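If you want the building blocks of each chain, they are given just below.
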Amino acid sequence: RAKSEGRRCYHFYTQELDAALQERMELDQAMRHALERGEFHLVYQPRVDLISGRVLSLEALVRWRHPVWGMVSPGRFIPLAEQTGFILTLGPEILRQACEQIHIWKARGIPTVPVAVNLSAREFRQPDVFERIMGALSTAGLEASDLEIEITESAAMSSVDQTIRTLTQLNDRGVCVSIDDFGTAYSSLNYLKRLPVHAIKIDQSFVSDMREDPAAHPEDAAIIRAIIGLGQTLGMTVIAEGIENQVQRDFLIEHGCPQGQGYLFSRPVPAGEVERLLGVGGVGG
Ligand code: C2E
Ligand code: MG
Ligand code: MG
Ligand code: MG
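Residues numbered from 1 in each chain as written. Chains lettered and ligands numbered in written order. Predicted model: local features only at pLDDT ≥ 70, side-chain atom pairs only at ≥ 80, totals over all residues. Heavy atoms only, no water.

The protein chain goes by cyclic-guanylate-specific phosphodiesterase in an unreviewed UniProt entry, where it is assigned to Ectothiorhodospira magna.

The following block contains the structure:
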């Protein structure tokens, strides 16, 4: 009996594997078509001064509206695109769309703030990533200060020499870089010290536990305080992610975190709503 059950388990296991593999292949195929059909677009979430609420910059986040499935979350398709290599096709399109949008805002005389684009690990490890970024800027007629880049902590911590080289090139040209999802990888602090980055972003998993009573989550609170202190010491701005309520905001302000983003201030919004967020929307426009 044990034997047949074992066999059955094995059978179910392979069936599940097949189904998962099948789904991934379907999703990968669909992504390639989606790009041709223009189903990817960007939304923008403000990063604000925590005390005044003033918008200091925007983060561009990709959205995929599939004609049948509806919205597909980037949390689902970006990791897959990263594995299959499709990100090397999608990434440049995201960068192009962001730069084009910034150009439109500037051309319309809107007092814009810098826009940060997320680069996945695989994109960032491309040998010509610096040239690609500068190329996207010049194609759209932008200045280096119009664009910022976000790379995750784990991406920043791999291929040390190449990371330092690319970050130095960007920094020399005036493109600011932030380390995303900070606190989720195992950075060597000695290495972090050597990275010419502008900001570190406290991962939202830590902020999320501050929602009701920060004192009830002393470990997360301590990590947040440590990251803020680290930023201050290393001369990097600190941006807290995923701020949903006033308790979280107050806690962060109390501990000296200068900037944040989250639903408390604004969800990511389509380009057309950004003007309103920046407080320059024309009446009846
Ligand atoms: P991320 O770069 O760390 O982006 C933050 C995520 O948190 C976004 O999810 C954002 O919508 C969400 N968020 C913002 N405020 C709040 C809040 O108050 N509460 C909660 N619960 N969530 C909040 P999104 O847009 O689904 O993106 C998820 C991840 O997918 C991003 O994490 C990033 O790693 C990746 N991603 C998104 N857009 C792009 C892109 O254009 N390129 C690349 N390479 N990756 C992207
Ligand atoms: Mg990000
Ligand atoms: Mg993040
Ligand atoms: Mg994330």
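A. Quick look at the overall build of the protein chain. Along its length, the protein chain carries twelve helices and ten strands. Compactness check: the protein chain gives a C-alpha radius of gyration of 21 Å against a globular reference of 19 Å for 285 residues, within 12% of the reference. Counting only C-alpha atoms, the protein chain reaches 70 × 50 × 45 Å along its principal axes. Across the 285 residues of the protein chain, 45% fall into the buried class. (Helix = DSSP H or I, 4+ residues; strand = E, 2+ residues; numbered from the N terminus. Rg over C-alpha atoms; globule rule 2.2 N^0.38 Å. Buried < 20%, exposed > 50% of the residue type's maximum accessible area, 1.4 Å probe, protein only.)

B. Structural detail: the coordination of the magnesium ion (ligand 3). Protein coordination of the magnesium ion (ligand 3) is provided by D180 (OD), D181 (OD), E241 (OE) and E241 (OE), with donor distances spanning 2.0 to 2.3 Å. In primary-sequence terms, the residues that donate to the magnesium ion (ligand 3) follow D-D-x59-E. The magnesium ion (ligand 2) is placed at 4.3 Å from the magnesium ion (ligand 3), the two being bridged by D180. (Donors = N, O, S within 2.8 Å, 3.2 Å for Na, K, Ca; no water.)

C. Examining the site of ligand 1 more closely. The immediate surroundings of ligand 1 are formed by 22 residues, with R63, D180, Q204, E244 and Y263 found nearest. Within the side chain of Q45, an N or O atom sits 3.0 Å from a nitrogen atom of ligand 1. Here E59 contributes a side-chain N or O atom positioned 3.1 Å from an oxygen atom of ligand 1. Protein contacts shield 83% of the accessible area of ligand 1, which totals 790 Å² for the unbound molecule. (Near = heavy atom within 4 Å. Polar contact = N/O pair within 3.5 Å; in protein donor to acceptor, adjacent residues only side chain to side chain. Areas by Shrake-Rupley, 256 points an atom, 1.4 Å probe, with all protein chains shown as cover.)

D. Summary view of the environment of I78. Among the secondary structure elements, I78 is positioned in helix α2 (residues 74–84). Taking C-alpha positions, I78 is 9.4 Å from L90, a pair spaced twelve residues apart along the chain. Those residues within four positions of I78 in sequence are excluded, and the remaining contacts are V62, I87 and L90. (Contact = heavy atoms within 4.5 Å.)

E. Looking closely at the packing of aromatic side chains. Counted under the stated rule, the structure contains five aromatic pairs. Here the aromatic rings of F40 and W64 are separated by 5.4 Å at their centres, their planes lie at 40 degrees, and the arrangement is tilted. Taken together, the positions of F40 in strand β1 (residues 40–49) and W64 in strand β2 (residues 55–66) put the pair 24 residues apart, joining distant regions of the chain. When sorted by exposure, F40 lands in the same class as W64, which is buried. Ring geometry for W64 against W69: centres 6.1 Å apart, planes inclined by 65 degrees, an arrangement best described as edge-to-face. A residue is classified by how much of its surface remains accessible, and W64, at 0% relative accessible area, is buried. Taking NZ or CZ as reference, R267 lies 3.7 Å from the ring centre of Y263, over its face. (Phe/Tyr/Trp six-rings, centres within 6.5 Å; stacked < 30°, edge-to-face > 60°. Lys NZ or Arg CZ within 6 Å of the ring centre and 35° of its normal.)

F. Fine view of unusual backbone geometry. At S159, a position not held by glycine, the phi torsion is positive, near 45 degrees. Looking at the element boundaries, S159 is found in the loop between α6 (153–157) and α7 (160–173). Positive phi outside glycine occurs at D181, with the angle close to 55 degrees. Considering the arrangement of structural elements, one finds D181 in strand β6 (residues 176–182).

G. Quick peek at the pairing of β2. Pairing of β1 with β2 involves nine bridges; the strand directions are antiparallel. Paired with V43 across the bridge in β2 is L61. Where β1 folds back onto β2 in an antiparallel hairpin, the turn is made up of five residues, including G53, whose phi is positive at roughly 80 degrees. With three bridges connecting them, β2 and strand β4 (residues 115–118) associate as parallel partners. Pairing of E59 across the sheet is with A116, part of β4. (Pairing = 2+ DSSP bridges.)

H. Representation of helix α3 (residues 87–107) in the model. For α3, which comprises 21 residues, the first-to-last C-alpha distance of 29 Å matches the rise-based estimate of 30 Å (1.5 Å per residue) to within 8%. Within α3, burial applies to I87, L90, G91, I94, L95, Q97, A98, C99, Q101, I102 and W105. With its phi angle positive at about 75 degrees, G109 sits one or two positions after the end of α3. (Expected span 1.5 Å × (residues − 1).)

I. Main features of the environment of A116. The topology assignment puts A116 in strand β4. Classification of A116 as buried rests on a relative accessible area of 0%. On a C-alpha basis, the gap between A116 and E219 in space is 30 Å, while along the polypeptide they are 103 residues apart. Once residues within four sequence positions are removed from consideration, A116 is found in contact with R47, L58, E59, A60, E148 and E150.

J. Spotlight on the side chain of R249. Tracing the chain through its elements places R249 in helix α11 (residues 246–254). Here R249 occupies a buried position and makes no salt bridge, while the nearest side chain of opposite charge, D250, is found at 5.7 Å. At 3.3 Å, the side chain of R249 forms a polar contact with the backbone oxygen of I51. Not counting chain neighbours up to four residues away, the residues in contact with R249 comprise L50, I51, S52, G53, I243, L264 and F265. (Lys, Arg positive; Asp, Glu negative; His and termini not counted. Salt bridge = Lys/Arg side-chain N within 4 Å of Asp/Glu carboxyl O.)

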